[in-house]
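Commentary on secondary and tertiary structure
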Amino acid sequence: MGLNPIEIIKENDGRLFEQIRNSSDLAFESGEIPKKYKLLIALGIDAALKADNGVKILARQALDMGAKKEEIVEVLRIVHYISGVNAAYPASIALKDLI
């Protein structure tokens with residue numbers, strides 16, 4: 001996947017990096033919602049925020065957890081419904097080589 005996008009924070013503020021990592025661990029820990037679906041939810045949020053790199057990373061993680069490309073496309077339907085084409089377009093570009 002390459003360099004962690006927040007590596008610069010880790011190098012300069014270890015406490016903040018730990019806080020970020022702990023938050024991520026909490027969000028994606030085992031619970032009532034399977035991790036695959038948590039990743040798809042996060043993908044949808046990143047798509048709505050037009051965070052194309054996040055969409056790509058989360059899509060890869062979701063696929064690795066067993067998500068189907070059809071599930072990812074359905075997430076984009078919801079993103080489009082809520083956020084419009086301005087969000088769906090960058091997400092589509094980010095997913096071009098993955099699905």
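Refer to the structure above for everything that follows.
Residues numbered from 1 in each chain as written. Predicted model: local features only at pLDDT ≥ 70, side-chain atom pairs only at ≥ 80, totals over all residues. Heavy atoms only, no water.

Description of the overall build of the protein chain
A count of helical and extended segments in the protein chain gives six helices and zero strands. The linear arrangement of helices and strands in the protein chain, starting from the amino end, is α-α-α-α-α-α. For the protein chain, the spread of C-alpha atoms along the three principal axes comes to 40 × 30 × 25 Å. Counting over 99 residues, the protein chain shows a buried share of 29%. (Helix = DSSP H or I, 4+ residues; strand = E, 2+ residues; numbered from the N terminus. Buried < 20%, exposed > 50% of the residue type's maximum accessible area, 1.4 Å probe, protein only.)

Brief notes about the nonpolar core
Judged by nonpolar contacts, the single largest core of 18 residues is most densely connected at Leu40, Leu43, Ala47, Val55, Ile72 and Leu95. Every element with two or more residues in this core is listed here: helix 3 (35-48), helix 4 (52-64), helix 5 (69-83) and helix 6 (85-95). For this core, the element with the highest residue contribution is helix 3, accounting for five residues. (Core = buried A, V, L, I, M, F, W, Y, C linked by side-chain atoms within 4.5 Å.)

Concerning helix 3
End to end, helix 3 covers 20 Å across 14 residues, agreeing with the expected 20 Å (1.5 Å per residue, within 8%). Among all positions of helix 3, only Lys36, Lys38, Leu39, Leu40, Ala42, Leu43, Gly44, Asp46 and Ala47 are buried. Where the residues of helix 3 are buried, they touch helix 2 (14-28), helix 4, helix 5 and helix 6. Just past helix 3, the residue lysine 50 takes up positive phi, approximately 65°. (Expected span 1.5 Å × (residues − 1). Contact = heavy atoms within 4.5 Å.)

Structural notes on a nonpolar patch on the surface
Together, Ile33, Tyr37, Ile41, Ile45 and Leu49 make up a nonpolar patch on the protein surface, roughly 490 Å² of accessible area in all. Here leucine 49 shows up in the loop between helix 3 and helix 4. Overall, leucine 49 belongs to the exposed group, its relative accessible area being 63%. (Patch = residues over 30% accessible without salt bridge, like charges linked within 9 Å, V, L, I, M, F, W, Y side chains within 5 Å. Areas by Shrake-Rupley, 256 points an atom, 1.4 Å probe, with all protein chains shown as cover. Salt bridge = Lys/Arg side-chain N within 4 Å of Asp/Glu carboxyl O.)

Points about unusual backbone geometry
The backbone of lysine 50 sits at a positive phi, close to 65°, despite the residue not being glycine. Relative to the helices and strands, lysine 50 is located in the loop between helix 3 and helix 4.

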